[in-house]
Each structure stands twice: as C-alpha cells, then as structure tokens.
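# Close look at the chain arrangement
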Amino acid sequence: MSDSRLPWFGQGKVPLYLAPMARHTDVAFRSLCKSFGAEVMVTEFVQSEALLRDRAKSWEMVDFTPEQRPMGVQIFGATPSSMATAARMVCERLQPDFLDLNFGCPAHKVIEQNAGSGLLRCTPLLYDIVRAVRDAIPGTPLTAKMRLGWDVDSIVAPEVAARLESLGVEAIAVHGRTREQGYSGEADWSRIAEVVRAVRIPVIGNGDLKDGPTAVRRVRESGVAGLMVGRAALGSPWIFGEIRAALDGAPPPPPATLELRWRTLLALAEHTLSRADATLGGRDIRWMSAKLQPLTQGLPHCRRIRDALQRCRTLEEVRALARRSLSGEWDSHPVENQIDTND
Ligand SMILES: Cc1cc2nc3c(=O)[nH]c(=O)nc-3n(C[C@H](O)[C@H](O)[C@H](O)COP(=O)(O)O)c2cc1C
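Residues numbered from 1 in each chain as written. Predicted model: local features only at pLDDT ≥ 70, side-chain atom pairs only at ≥ 80, totals over all residues. Heavy atoms only, no water.

## Some remarks on the side chain of Lys 291
Assignment of secondary structure puts Lys 291 in helix α13 (residues 289-292). Lys 291 sits in the buried class, given a relative accessible area of 19%. Here the side chain of Lys 291 touches Asp 26 through a polar contact of 3.1 Å, side chain to side chain. (Helix = DSSP H or I, 4+ residues; strand = E, 2+ residues; numbered from the N terminus. Buried < 20%, exposed > 50% of the residue type's maximum accessible area, 1.4 Å probe, protein only. Polar contact = N/O pair within 3.5 Å; in protein donor to acceptor, adjacent residues only side chain to side chain.)

## Examining the packing of helix α9 (residues 212-222) against helix α11 (residues 239-248)
Between α9 and α11, the least distance of the axes is 8 Å, while the angle of their chain directions is 50°. Put simply, α9 runs oblique to α11. Our pair here, α9 against α11, has a crossing hand that is right-handed. Contacts from Gly 212, Pro 213, Ala 215, Val 216 and Val 219 of α9 reach α11 at Glu 242, Ile 243, Ala 246 and Leu 247. In terms of residue class, the contact of α9 with α11 is built from seven nonpolar, one polar and one charged. (Axes fitted to C-alpha atoms, helices over the stretch in contact; angles between N-to-C directions. Parallel < 35°, antiparallel > 145°, perpendicular 65-115°, else oblique. Left-handed = near helix turned anticlockwise from the far one by under 90°. Contact = heavy atoms within 4.5 Å. Nonpolar A, V, L, I, M, F, W, Y, C, P; charged D, E, K, R; others polar.)

## A few points about the site of the ligand
Among the 18 residues in the neighbourhood of the ligand, the closest are listed as Pro 20, Gln 74, Asn 206, Asp 208 and Arg 231. Taking Asp 208, its main chain carries an N or O atom lying 2.7 Å from an oxygen atom of the ligand. Between the ligand and Gly 230, the relevant distance is 2.8 Å, taken from an oxygen atom to a main-chain nitrogen or oxygen of the residue. Within the complex, 89% of the 610 Å² of free accessible area of the ligand lies under protein. Of the residues belonging to the shell around the ligand, the class tally is seven nonpolar, seven polar and four charged. (Near = heavy atom within 4 Å. Areas by Shrake-Rupley, 256 points an atom, 1.4 Å probe, with all protein chains shown as cover.)

## Looking at the confidence of the model for the protein
Across the protein, the average pLDDT comes to 94, with 94% of residues at or above 70. Throughout residues 334-343 the model reports pLDDT below 50, and contacts reaching past four residues in sequence, or to other chains, amount to 15 contacts. (pLDDT = per-residue confidence, 0-100.)

## As for the pairing of strand β8 (residues 203-206)
Put simply, side chains in a regular strand alternate between the two faces of the sheet. Of the two faces of β8, the one lined by Val 203 and Gly 205 and the one lined by Ile 204 and Asn 206 are each fully buried. Pairing geometry for strand β7 (residues 171-175) and β8, over four bridges, is parallel. The residue of β8 that forms the bridge with Val 174 is Gly 205. For the handedness criterion, the β-α-β arrangement of β7, helix α8 (residues 189-198) and β8 is classed as right-handed. With three bridges joining them, β8 and strand β9 (residues 226-229) adopt parallel strand pairing. Its bridge partner being in β9, Asn 206 is matched across the sheet by Met 228. Taken together, β8, α9 and β9 constitute a β-α-β crossover, and its handedness is right-handed. (Pairing = 2+ DSSP bridges. Right-handed = clockwise from strand over helix to strand, strands pointing away.)

## Regarding the packing of aromatic side chains
Counting across every chain of the model gives six aromatic pairs. Aromatic side chains Trp 8 and Phe 9 sit 6.4 Å apart centroid to centroid with 40° between the ring planes, which places their arrangement in the tilted category. Looking at Trp 8, the relative accessible area reads 15%, which means it is buried. Where Phe 36 meets Trp 238, the ring centres are 5.7 Å apart and the plane angle is 80°; that geometry is what we call edge-to-face. With Phe 36 in the loop between α1 (27-35) and β2 (40-42) and Trp 238 in the loop between α10 (231-235) and α11, the pair connects residues that are 202 residues apart, well separated along the chain. Of the residues examined, Phe 36 reaches a relative accessible area of 19% and is grouped as buried. (Phe/Tyr/Trp six-rings, centres within 6.5 Å; stacked < 30°, edge-to-face > 60°.)

## Let's talk about the nonpolar core
Core analysis: the largest hydrophobic core is formed by 101 residues, its most contacted members being Ile 75, Leu 99, Phe 103, Leu 164 and Leu 227. With eight residues, helix α4 (residues 80-94) is the largest single contributor of residues to this core. Sequence-distant contacts of Leu 99, defined by excluding residues within four places in its chain, comprise Val 73, Ile 75, Ala 87, Val 90, Cys 91, Val 133, Ile 137, Thr 140, Pro 141, Leu 142 and Thr 143. Counting residues in each nonpolar core, the second largest holds 13 residues, with Trp 8, Val 40, Ala 173 and Ile 204 among its members. (Core = buried A, V, L, I, M, F, W, Y, C linked by side-chain atoms within 4.5 Å.)

## Digging into the state of the cysteines
Applying the stated criterion across every chain yields a total of zero disulfides. Left unpaired, Cys 312 is separated from the closest cysteine sulfur, that of Cys 302, by 14 Å. For Cys 312, a relative accessible area of 5% translates into the label buried. (Disulfide = S-S within 2.5 Å.)

Here it is in structure tokens:
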C-alpha cells in the first residue's frame, strides 16, 4: 500500500476511525475523540444541494480544525452533477484529506430521494455518482461508506465494493447491517469479511464495536484494514485508547472514573458552547442537551442526571450538577442508590 494516498493505512497499523454521526460528531465532539485516540475522522453527512445553496449552516457541518486531520468530509445526494460540484467546492475550500460518499444512511427522507442506502438498490446511479465525483476531484482521495445492501435478500456490498475500486474509490467503510435492519440485530462481520476478500483497497469495518477484545477479534477474523467506532464513542470516547491498547497488545488503560466522565461531559459542553457563541449568542444551552446525554451513561443515578441535565439552562448549572453527583450526596438516599445499567 506504499502508493496509497491514505497514508494512515499500512505498516500493519489498523487505524481507528470515529464514525460520522449526524448531530453528534461536530468539531467539539471530534476534538474530544481525538484527545482520546481517534485517529481518522469524518464529518457528519451533508447534502450536496445544501452545499450548493451555500448555506452557512451546511458549511458549519463540514467544518474541521487542522488538529483533527486526517479528516474526511462526507456528502450525500442522488444527482451526479450536484454531487460532483459539491465535492469540488468542498475540496477547494477545505482541502480535506479525503472526500467520503454516503451510501449507508437508512433515514426515510434520504432514501426517498434515492440517496444514502437507497442507492444500494439503484446501483447504476450510484456508479454514475462515483464517476462524476471522481472526475471532479482528481487531487483528493475518494472513499465511500456503505451498508451491506438493501435487505438480506440483496447483499450487494462485495460486488459494489469491487466496482467502486475499479472506479477509483480508495477505501470503503462497511457497516455490517442492511438498510432494512436499521440499527437492530447485530452487525454481520462475516459479510464485511466478504467485502475484504472482494477488493484490494482498505476496508474499514464498522458495527457494534464496544471494547478492545472484540475489536481485536474482528480484525483477526475479518481481515479489515481499519476499524470504525460509532455509538460506543458517544458515551465512552475513551474507547479509542482501549481499542488501541488491545490492538497493540498493551495493558488496557484504567477504567473511566466518575471524575473523568464528568470532566469529559463538561469539556464537551464548554467547547460546544464556545463554538456556538458566534451564532447563538446568549441563548440558553438546553439545545445541546442531546449532545451531552450519551456521556451520562455509566454514571450512578444516570436517569436522574439526565432529567436534570435536560433542564440546565447554563453551563454553571451543569457544573453544579457535576459537583452534586461527585459529592455522593445522592448516594445517601437508599431508593436512589442504584446504578442505572440499562441506559
Ligand atoms: C445518531 C447517528 C447519526 C449517524 N449519522 C451518520 C452520518 O451522518 N453518516 C454516516 O455515514 N453514518 C451515520 N451514522 C451511522 C454510523 O456512522 C455507523 O455506521 C453506525 O452507527 C454503526 O456503527 P456503531 O455500531 O459503531 O454505532 C449515524 C449513526 C447514528 C447512531
């Protein structure tokens, strides 16, 4: 892989990607993941037409800082010419390390336009999009992220991946579920392994990675060149350090303490607010509650904290909540003295 334009692959290293997750993996969350060892990151998906309309909000979604490199920008759409123009604009303005095409989103409003995973049942259009984008951005590596297929009776990932490779796509991330599955059931890594066998470019495996030992097993069994972590990182961004240690055969880092969990949540709140200030002014911070909620997983009295967090209007109120939680004050109430493990 010496001539690869994706130098984070190679020399036997399996890079750890943070999965793109709309409304979560913004600049602030990505900085956090980077600090915990995420190695390659991708912006959340943005619609090609929205970029063409030049809406500030859409450009904000694909923003990144130099420290976050290597960074990819992910776009989606169903019109080859719009996808090509949007890709060119992104590459000219932001010079990402790669441009990523979304062929995996299962959301109804996306697939009804034939975009996202909708393209997996409409592969001639998918290939037209790839050709158009490939021609539009010769100087930038092109990658794709896809699901296994539309449903269990139409698993097309190996065949589509081979075609994408022949069209010049340089790496492919595969989420081991079909569109029909949404997020239910388990990711099927044996199908991801079939994609690995179908191509020579790096395949990044994705789906249900939650700990170091599982990650090691997935690499060994499927032969993927990279790993991508999604939902587990929302509640435990330190998972990147855990997986890296496991892959390197190093001892696992100590488990996240209560202090670390709160420090992380507060850091995310502060960074999110600092980036929002310019546009949101003095608005209260309840809008960011959904971004913070996943980090309450594993905290004692998690439900109670979530409820309280939802009502916090200022950062100071969140800090006060952290102080109360860390003081152990709630632990003296027997009824409340339970750790919610189901969240
Ligand atoms: C809230 C949320 C938003 C997502 N947004 C995107 C997106 O913008 N682009 C994309 O390719 N996948 C998106 N995904 C899918 C994830 O990247 C990933 O493929 C999926 O969550 C499976 O990985 P996991 O089991 O590690 O979470 C999203 C998933 C979630 C839960």
